[in-house]
Amino acid sequence: MTTVSLNQPIKTAPGPTPLPIIGNALEFRQGVLEAMQRGHQMYGDVFQLKIGKRHVFVVSHPALAQEVLIDRAAEFPKAQAILRLILGDGLVTNTDHTSWLTQRRMMQPMFHRQRLNAMGDKMVKAGESLLERWQEKDQTMFDLDFEMMQVTLDIITQTMFSSDLRAEASKLGHTLGDALHFLQQRIQSPIQLPLEWKIPTHEKYRANKAALDNLIMSVINERRSTQPKDDLLDMLLEARDADTGEGMTDQQLLDEVITIFGAGHETTAHTLTFAWYALAKHPQILEKLHQELDTVLAGRAPTIDDLAKLEYTKQIFEETMRHYPTAPSTTPRLALENTTLGGYAVPKGALISVNIYNIQHHSEFWDNPNEFRPERFQNRQEKHRLEFMPFGAGARKCIGNNLALMEGQLLLAQIAQKYNIILEQPTMQLEQSITLRAKGGLRVRLEKR
Ligand code: HEM
């Protein structure tokens, strides 16, 4: 445990020496992921960086993650995250505890297991229409990440909003990707120019945000003029304030819908892309997966009722989330007061970033952490409950974790049953643009099984 002992003097957290004005911005030259890994290796489970005027403490140990996100969560609430520039005050980025709790309580029932099980058919159908589209692909090369984004977008819009946005999917994927890239650049930059300044990068961000907002508002407005569908969108439209009896404003609706839409498909899509890459690189794992699919399904399409029996399929998805966590760190938490963490002084106003990637590669908890081995999830004996935390922890844990697990397992089974995915590039480069993704996508072609 790396908690504070009263006998220990309070130390200054280690970290690279900051330069005047730019602080540690140069650390990010090779990428954020690389900077975080290097920091962990060189300085340990807590290190600090200076970005602009801000102290950022990077935490890479599950016991400390538990302190920040659970045991001492009241001392470290969510800070204003840059993601707010896309997601507004929706569930992920809301920093006001009272309104967050109201929203979370309202939306939670939609994500209960029973309710999700009832959406199983819609998930399977989305997978089937992907397979139908693929029939025309034959031997052509394509970007698998883009295809995974399409199918997860299809699932989130069909299950939560009963809408079909497939026609807009291509544009949408790029719009969201570009907007996230802009945010990542902005976080790393020591000087953040006011967004009102009319420079090309700002204009492009604004255009992307407007395109996303317009599309989401069109989904909301269309529903207002049609019959209820008993989905998340209806829940949001029908919600009334307990005191005033008023419904949500357009802005609140937009923020919540764009949040579920944004948080609910990109992370799952990239996880699936990583899983296909890992499977293509490990033929023996693919072989074992095929054996399970052939035994359990014997050629028929999977349904939600098969999930409990598709154990190895689930282990592959879990190992992918460990090895390639698509949310590689939590959104930042804010130190409300001068305090200590892991024996180190943390000044009031500092940001704390819990690094999920480093925790899930920590050699104290994972043997050969860089090896892709789904079997480690079979009867796993955990040393710490947060050594595996792809969905975060505590009250702000991912609301969509069960949905992601269900669709991940189903899509892996549906696709692997029919196709082998052949890599058309020798390796894959990781890129952290808020979420973790395959840089430039993943070029593949299909081979029928
Ligand atoms: C593999 C897929 C996914 C991963 C890796 C993932 C990861 C995460 C993580 C790490 C957090 C916590 C962030 C923090 O503490 O700052 C989070 C929160 C959240 N996620 Fe996910 N997520 C996934 C899928 C989904 C899906 C499918 C949905 C929606 C349908 C979703 C919606 C949300 C929301 C709304 C929150 C904020 C919860 C709150 O603060 O109350 N996520 N997710």
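Above: the structure in question.
Calculation criteria
Residues numbered from 1 in each chain as written. Predicted model: local features only at pLDDT ≥ 70, side-chain atom pairs only at ≥ 80, totals over all residues. Heavy atoms only, no water. Helix = DSSP H or I, 4+ residues; strand = E, 2+ residues; numbered from the N terminus. Rg over C-alpha atoms; globule rule 2.2 N^0.38 Å. Buried < 20%, exposed > 50% of the residue type's maximum accessible area, 1.4 Å probe, protein only. Contact = heavy atoms within 4.5 Å. Areas by Shrake-Rupley, 256 points an atom, 1.4 Å probe, with all protein chains shown as cover. Lys, Arg positive; Asp, Glu negative; His and termini not counted. Charge placed at Lys NZ, Arg CZ, Asp CG, Glu CD. Pairing = 2+ DSSP bridges. Axes fitted to C-alpha atoms, helices over the stretch in contact; angles between N-to-C directions. Patch = residues over 30% accessible without salt bridge, like charges linked within 9 Å, V, L, I, M, F, W, Y side chains within 5 Å. Salt bridge = Lys/Arg side-chain N within 4 Å of Asp/Glu carboxyl O. Near = heavy atom within 4 Å. Polar contact = N/O pair within 3.5 Å; in protein donor to acceptor, adjacent residues only side chain to side chain. Nonpolar A, V, L, I, M, F, W, Y, C, P; charged D, E, K, R; others polar. Core = buried A, V, L, I, M, F, W, Y, C linked by side-chain atoms within 4.5 Å. Donors = N, O, S within 2.8 Å, 3.2 Å for Na, K, Ca; no water. Phe/Tyr/Trp six-rings, centres within 6.5 Å; stacked < 30°, edge-to-face > 60°. Lys NZ or Arg CZ within 6 Å of the ring centre and 35° of its normal.

(A) Highlighting the overall build of the protein chain. Along the protein chain, the regular secondary structure elements total 16 helices and 11 strands. By the compact-globule yardstick of 22 Å for 449 residues, the protein chain fits well, its C-alpha radius of gyration being 22 Å. Considering only C-alpha atoms, the protein chain reaches an extent of 65 × 55 × 40 Å along its principal axes. For the protein chain, the residues scored as buried account for 55% of the 449 residues in total. In the protein chain, the share of contacts with a sequence separation of at least 24, taken over all contacts with a separation of at least 6, comes to 73%. In the structure as shown, the protein chain presents an accessible area of about 20,500 Å², 51% of it carried by carbon and sulfur atoms. The averaged location of the 54 negative side-chain charges in the protein chain is 4 Å from the averaged location of its 50 positive side-chain charges.

(B) Spatial organisation of the sheet that holds strand E3 (residues 142-143). Across the sheet, three strands lie side by side as E3-E11-E8; this open sheet has antiparallel pairing. Here the strands that pair on one side only, and so sit at the sheet edges, are E3 and strand E8 (419-423). With five bridges connecting them, E8 and strand E11 (residues 443-448) associate as antiparallel partners. Each residue of the ladder has a partner; that of Asn 420, found in E11, is Glu 447. Where helix H16 (residues 401-418) meets the sheet, its contacts fall on E8 and E11, and the angle it forms with E8 comes to roughly 85°.

(C) Focus on a nonpolar patch on the surface. A grouping of Ile 21, Ile 191, Leu 193 and Trp 197 is seen on the molecular surface, where their side chains present a nonpolar patch of about 430 Å² in accessible area. With respect to the secondary-structure elements, Ile 21 resides in the segment before helix H1 (32-43). Overall, Ile 21 belongs to the exposed group, its relative accessible area being 68%.

(D) Region of interest: the site of the ligand. Around the ligand, the surrounding shell holds 29 residues, and the nearest of these are Trp 100, Arg 104, Thr 331, Arg 396 and Cys 398. A distance of 3.0 Å separates an oxygen atom of the ligand from a polar atom in the side chain of Lys 78. Trp 100 has a polar side-chain atom sitting 2.8 Å from an oxygen atom of the ligand. Top element by residues in the shell around the ligand is helix H12 (residues 266-281). It accounts for three residues. Across the shell around the ligand, the residue classes tally to 15 nonpolar, nine polar and five charged.

(E) Here's a closer look at the nonpolar core. Counting 108 residues, the largest nonpolar core has Trp 134, Leu 144, Met 148, Met 160, Phe 161, Leu 232 and Trp 276 as its most contacted members. With 10 residues, H16 is the single largest residue contributor to this core. With residues near it in sequence (within four places) discarded, Met 148 still touches Leu 130, Trp 134, Ala 269, Leu 272, Thr 273, Trp 276 and Ile 415. Ranked by size, the runner-up nonpolar core spans 21 residues in total, among them Phe 57, Val 68, Leu 386 and Met 389.

(F) Up close: the coordination of the iron atom of the ligand. A lone protein donor binds the iron atom of the ligand: Cys 398 (SG), at 2.3 Å. For Cys 398, the location among the structural elements is in the loop between helix H15 (356-359) and H16.

(G) Quick look at the packing of aromatic side chains. Considering all chains together, one arrives at seven aromatic pairs under this definition. On the basis of an interplanar angle of 20° and a centroid distance of 5.0 Å, the ring pair of Phe 182 and Tyr 205 is categorised as stacked. Placement of Phe 182 in helix H8 (residues 169-188) and of Tyr 205 in helix H9 (residues 200-224) is noted, with a sequence separation of 23 residues between them. Accessibility assignment for this pair places Phe 182 and Tyr 205 in one class, buried. Ring centres of Phe 274 and Tyr 324 lie 4.7 Å apart, and the angle between their planes is 20°; this geometry places the pair in the stacked category. Residue Phe 274 is located in helix H12, and its partner Tyr 324 is located in the loop between helix H14 (311-323) and strand E4 (333-334); the two are separated by 50 residues in the primary sequence. Grouping residues by exposure puts Phe 274 and Tyr 324 together as buried. Just above the ring of Phe 142 sits the side chain of Lys 137; from NZ or CZ to the centre is 4.8 Å. Over the face of the ring belonging to Trp 366 we find Arg 322, whose NZ or CZ atom lies 5.2 Å from the ring centre.

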